[in-house]
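# What the coordinates show
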Amino acid sequence: MSDKNRSEIKFLVELDTNRVPEKLLWSAKDGGVELEEAKAIMLSVWDSKAKESMRIDLWTKEMPVDEMKIFFHQTLVAMSDTFHRATGDEKMAATMKDFCDYFAEKLELTSK
């Protein structure tokens, strides 16, 4: 093995008899996370050969809809931050943030 550093992130998905997720667990030892439970996972991977995203979206049967809405909103906000860091495109990042505000308003997620 080379001298390169490696880090591993693992997902464990427990399924019911219909192959619907009942439990999601994840570990990232370098981050101090060991078999922590999650109710939803969204993972995107870039396939540079095909020039397309591959995704895995999972959520448990117990994931409440109101929490799913919050999860989506927070994910969209994080994506706009990541887009800005990755591209430096301030104008589009601001446009994405505007959409996040609109999304939160329409779902009544904003605090009053």
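Here is a short report on the structure shown in this document.

Criteria and cut-off values
Within each chain, residues carry numbers counting from 1 in the order of the written sequence. Given that the model is predicted, a residue must reach a pLDDT of at least 70 before its local features are reported, and side-chain atom pairs must reach 80 or more before they are shown or counted; all residues, however, enter totals for whole chains, interfaces and linings. Neither water nor hydrogens contribute to the side-chain values; these are computed over all heavy atoms in the structure. Being paired, for any two strands, means DSSP has found at least two bridges between them. In this text, helices come from DSSP runs of H or I with a minimum length of four residues, and strands from runs of E with a minimum of two, each type numbered from the N-terminal end. Between N-to-C directions, angles cover 0 to 180 degrees, with each direction set by a line fitted to C-alpha atoms, over the stretch in contact for helices. What a helix is expected to span follows from its residue count: subtract one and scale by 1.5 Å. By definition in these notes, contact holds between two residues if any of their heavy atoms fall within 4.5 Å. For this analysis, a polar contact is any N or O atom pair within 3.5 Å, provided that within protein one partner can donate a hydrogen and the other can accept it, and provided that sequence-adjacent residues contribute only side-chain to side-chain pairs.

Strand order in the open sheet made by the three strands is β1-β2-β3, with antiparallel pairing throughout. Pairing within the sheet leaves two strands with one partner each, and these edge strands are β1 (10-15) and β3 (33-38). Across this sheet, the average inter-strand angle for adjacent strands is 20 degrees, counted without regard to direction. Sheet topology places β1 next to strand β2 (residues 21-28); six bridges connect them, and they run antiparallel. What sits directly across from L15, in β2, is P21.

This brings us to unusual backbone geometry. Note: most residues except glycine have negative phi, and most peptide bonds are trans. Residue L35 is not a glycine yet carries a positive backbone phi of 50 degrees. Examined against the element boundaries, L35 turns out to sit in strand β3. The phi dihedral of K51 falls on the positive side, at around 55 degrees, and the residue is not glycine.

With that out of the way, let us pick up helix α2 (residues 90-106). The terminal C-alpha atoms of α2, which comprises 17 residues, lie 24 Å apart, in line with the 24 Å expected from a rise of 1.5 Å per residue. On its buried face, α2 sits against α1 (65-87). At the N-terminal end of α2, a side-chain oxygen is found 3.4 Å from the backbone nitrogen of K91, two or three residues along, and the residue is D89. Looking one or two residues past α2, E108 carries a phi angle of roughly 55 degrees, positive in sign.

Note that every value here comes from positions in space, so none of it alone points to a role or purpose.
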